[in-house]
Amino acid sequence: MPEFLTRLGQQLAERWLTLLALPGALYLAVAQAAHVLGHAHPFDLARLTRRLTAWAGAPPVHSFGGQVVLLAGVLAASAAVGIAARTLGAGIERVVLAADWDSWPEPLRRLAGRRVAARRRRWDTARHVLDGHRRAAARAAALRRPHDAEALHEARRRLERIAPERPARPTWVGDRVRATGTRVRRDHRIDLAVLWPHLWLTLPDTDRAELSAARGELAASTALAAWSLLYAPLAVVWWPAAGVSLLLLLTARHRTRAAAENYARLVEATVRLRTVELLGLLGVDHSGPLSDDVGDVLNDLLDSRLPVLETGPEGAP
């Protein structure tokens, strides 16, 4: 037990240092540099060095008590900034996934609805173009004539850049995550919301680790977007902070899309590969690939029945 607690404390300290203290300390350092340099001397390292040297020569810094107070203050402030970034990142993740956009307050709900409608129009147009290329390719194959395969692939990529399935959310990331449930429902009639908790409990540790890491990468990418928002106000006193904020925002956008793609693929692959094992645990004989109606069996076994409606003595509710 002492060894376990020691190891647990070390892991918690490492995570705290990595996720909160170090990014927060870097933010405090940049904020202090912005305060010292300002717009007039944005890259004057000599000015910054002189100011830091003056602060380091202050008498309270040379005493043990002053150093302890200074270190504790820096660590506390760094952790506070890190917690603020993680909290803001959770909010950004909710907005990016947009699973509940239809319950957002006005005017956000109206704006999101307009964006969904616009994305649907673009997707429908791209789908018609793709279908035209597919028909042309089928005719060419039937007549044994050459066809432009690259045009067909480009039409498919253009469609998926809008959304992998017909848009139902205002963001690409939200539609990409949602597409997993749409596909397994269409292919196998599986309700992912019903299946997933039961499937998760039966997964090997390696599969859980892969999925947890992919989900953590998605959260980390939205936290990076939160840091970009925190750096933006520093541009009021130090204009290079605007470039830092923009760079972080672009990086966060790229990482968020890549993380959503990876996570959605892993979830879909897990459902297709591990559902047969879950059927065996439930006592259902199934061999071979998943059938088209396997979801009906799973939903009947795993989903809860509707609540019983209590009636009065005369049969009225």
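Our structure's up above, just so we're on the same page.
The notes below deal with the structure included here.

What counts and how
Residues numbered from 1 in each chain as written. Predicted model: local features only at pLDDT ≥ 70, side-chain atom pairs only at ≥ 80, totals over all residues. Heavy atoms only, no water. Axes fitted to C-alpha atoms, helices over the stretch in contact; angles between N-to-C directions. Helix = DSSP H or I, 4+ residues; strand = E, 2+ residues; numbered from the N terminus. Parallel < 35°, antiparallel > 145°, perpendicular 65-115°, else oblique. Contact = heavy atoms within 4.5 Å. Nonpolar A, V, L, I, M, F, W, Y, C, P; charged D, E, K, R; others polar. Salt bridge = Lys/Arg side-chain N within 4 Å of Asp/Glu carboxyl O. Buried < 20%, exposed > 50% of the residue type's maximum accessible area, 1.4 Å probe, protein only.

### Some thoughts on the packing of helix 8 (residues 192-202) against helix 11 (residues 294-302)
Orientation of helix 8 relative to helix 11, taken along the N-to-C sense of each, is 75 degrees, at an axis distance of 10 Å. Taken as axis vectors, helix 8 and helix 11 run roughly perpendicular relative to one another. Counting all contacts with helix 8, which are made through Val194, Leu195 and His198, the residues of helix 11 involved are Leu298, Asn299 and Leu302. When the residues that make up the contact of helix 8 with helix 11 are grouped by side-chain class, the tally is four nonpolar, two polar and no charged.

### Details of the pattern of salt bridges
This model, assessed by the stated rule, comprises 24 salt bridges. The closest approach of N and O atoms between glutamate 154 and arginine 161, which form a salt bridge, is 3.2 Å. Using a relative accessible area of 25% as the deciding quantity, one classes glutamate 154 as partly exposed. Judged by its relative accessible area of 48%, arginine 161 falls in the partly exposed class. Across the salt bridge formed by arginine 176 and glutamate 261, the nearest N and O atoms sit 2.7 Å from each other. Pair noted here: arginine 176 is in helix 7 (residues 172-188) and glutamate 261 is in helix 10 (residues 240-281), with a separation of 85 residues, a long-range link. Residue arginine 176 is classed as buried on the basis of its relative accessible area of 3%. What emerges from the salt-bridge pattern is a single network uniting Glu165, Arg183, Arg186, Asp187, Glu268 and Arg272.

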